[in-house]
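Listed below are the residues making up each chain.
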Amino acid sequence: MPPVFAHGRLRLYLLKLLDEAPRHGYEVIRLLEERFEGLYAPSAGTVYPRLAKLEAEGLVTHATEGGRKVYSITEAGRAELADRSGELADLELEIRDSVTELAAEIRDDVRGAAGDLRREMRAAASASATQVQDESWQAAKEELRKARQDWKEQARRAKDESRRAREEAQQARRQAKEAQDRAREEVQRIAGQLQDQLAKSGGVLGSLAGAWLGGTGTGTGGFGTGTGQGGPSGPSAGSAASAADPSPGSSGTDWAGDLEPTADPARDLDRLLDRFRDEVRDAARDHGVTPARLAEARAHLAAAASRLTGALSTP
């Protein structure tokens, strides 16, 4: 019999079941058995080691309830599940094929058993035709009828399961495509909003971008370290000049190095802007904002917003 799950597929399907709800190991085994309409049930020696490995990889975690380990998916597990949504749709098709193959094997077994029974009945009738009682013959016919009925029922269940698996796979593919379309539209919307807001030097995103690209050497602490005395022609003017033309390396390329990059640049930019916003707000809260410091910050932001808008507008 071919394997029900290809290499790595059971691992993905366990994440799918745990994404639906927290479950203990026995419940996972029971759900898999129901999924295959009783035609297949994984053993505890198959499921529990894989759950333990998923936990070691940080994809699931467990809590003890009533003496049982109840497993839950982590954010890392959900991220992997989202990244492999296409594989999940293919997995539904593979499960449908596995159910079909299992049903075919059962059908062949039933057909073979019915054939053997028929041959045995004929041999028995030929060997002792005069001794066969009507009750025995009726019992044999009833056994044959039940065998045929069982085969038809199992074939019907396999056909229904195959149809449901095909419909679920099609729905999963549609949902995956819709999710990709929505994500693409959201990225385009955010990019448009970002460009519009960067054009406004006083906007929140412009402020954060200015703190990032201004390159004044003071970082977000510009709100807390200024003298509070100079106007645009004083210290703030000099800082604005340095923001418009920062020296090499002054932007702090190792800043936010703890943020691991993803495959989505737009998302990475949002995370950087969130970090800058938090640092600027922390500095303003800790040190206060005077009119002179606000003027100095505005000069930095205007120059930095212009630089960032130009950088994002470059083909």
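Residues numbered from 1 in each chain as written. Predicted model: local features only at pLDDT ≥ 70, side-chain atom pairs only at ≥ 80, totals over all residues. Heavy atoms only, no water.

## Structural notes on the overall build of the chain
A count of helical and extended segments in the chain gives 11 helices and 3 strands. When the helices and strands of the chain are read in sequence order from the N terminus, they spell out α-β-α-α-β-β-α-α-α-α-α-α-α-α. Within the span of the chain, comprising 315 residues, buried residues form 32% of the whole. A separation of at least 24 residues holds for 70% of the contacts in the chain among residues at least 6 apart in sequence. (Helix = DSSP H or I, 4+ residues; strand = E, 2+ residues; numbered from the N terminus. Buried < 20%, exposed > 50% of the residue type's maximum accessible area, 1.4 Å probe, protein only. Contact = heavy atoms within 4.5 Å.)

## What to know about the side chain of Arg35
Among the structural elements, Arg35 can be located in helix α2 (residues 25-35). Note on Arg35: relative accessible area 12%, which makes it buried. Dropping the residues within four chain positions of it, Arg35 is found in contact with Tyr13, Glu92, Ile95, Glu161, Ala165 and Glu168.

## Remarks on the nonpolar core
Nonpolar side chains in soluble globular proteins tend to be buried together. Grouped together as the largest cluster of nonpolar side chains are 24 residues, with contacts concentrated most on Leu14, Leu15, Leu18, Val28, Leu32 and Val47. Ranked by residue count, the leading element in this core is helix α1 (residues 9-20), at 7 residues. If near-sequence neighbours (up to four positions away) are discounted, Val47 is found in contact with Leu14, Gly25, Val28, Ile29, Leu32 and Pro42. (Core = buried A, V, L, I, M, F, W, Y, C linked by side-chain atoms within 4.5 Å.)

## With respect to the packing of α2 against helix α3 (residues 44-56)
Axis separation between α2 and α3 bottoms out at 10 Å; the angle between their running directions is 125°. With respect to each other, α2 and α3 are oriented oblique. Between α2 and α3 lies a crossing of right-handed hand. Contacts from Gly25, Tyr26, Val28, Ile29 and Leu32 of α2 reach α3 at Ala44, Val47, Tyr48 and Leu51. Across the contact of α2 with α3, the residue classes tally to 8 nonpolar, 1 polar and no charged. (Axes fitted to C-alpha atoms, helices over the stretch in contact; angles between N-to-C directions. Parallel < 35°, antiparallel > 145°, perpendicular 65-115°, else oblique. Left-handed = near helix turned anticlockwise from the far one by under 90°. Nonpolar A, V, L, I, M, F, W, Y, C, P; charged D, E, K, R; others polar.)

## Quick word on the pairing of strand β3 (residues 68-73)
Sheet analysis places strand β1 (residues 23-24) next to β3, joined by 2 bridges and oriented antiparallel. Residue pairing across strands places His24 opposite Val70, the latter belonging to β3. (Pairing = 2+ DSSP bridges.)

## Focus: helix α4 (residues 75-83)
Of the positions making up α4, those classed as buried are Gly77, Glu80 and Leu81. For α4, the angular spread of the buried residues around the axis is 100°, confining them to a single face. Exposed and facing more than 90 degrees away from the buried side of α4 are Glu75, Ala82 and Asp83. (Arc of directions from axis to C-beta.)

## Some words on the packing of aromatic side chains
Each aromatic ring pair is characterised by the separation of its centres together with the angle its planes make. All told, the structure shown has 1 aromatic pair when counted by the stated rule. Pairing Trp255 with Phe276 gives two aromatic rings, centres 3.4 Å apart and planes at 15°, and the pair type is stacked. Residue Trp255 is located in the loop between α9 (235-244) and α10 (265-287), and its partner Phe276 is located in helix α10; the two are separated by 21 residues in the primary sequence. Using a relative accessible area of 2% as the deciding quantity, one classes Phe276 as buried. (Phe/Tyr/Trp six-rings, centres within 6.5 Å; stacked < 30°, edge-to-face > 60°.)

## Examining the pattern of salt bridges
Under the counting rule described, the total for this entry stands at 27 salt bridges. The partner of Lys177 in a salt bridge is Asp181, and the shortest N-O contact between them spans 3.2 Å. Of this pair, Lys177 and Asp181 both sit in helix α6 (residues 134-198), separated by 4 residues, roughly a single helical turn. On the basis of relative accessibility, which here comes to 26%, the residue Asp181 falls in the partly exposed class. A salt bridge links Arg189 to Glu186; the shortest N-O distance between them is 2.2 Å. Of this pair, Arg189 and Glu186 are both found in helix α6, 3 residues apart, which corresponds to roughly one turn of the helix. Residue class for Arg189 comes out partly exposed when judged on its relative accessible area of 39%. By sharing partners, the salt bridges in this structure join Lys16, Glu20, Arg23, Glu27, Arg30 and Glu34 into a single network. (Salt bridge = Lys/Arg side-chain N within 4 Å of Asp/Glu carboxyl O.)

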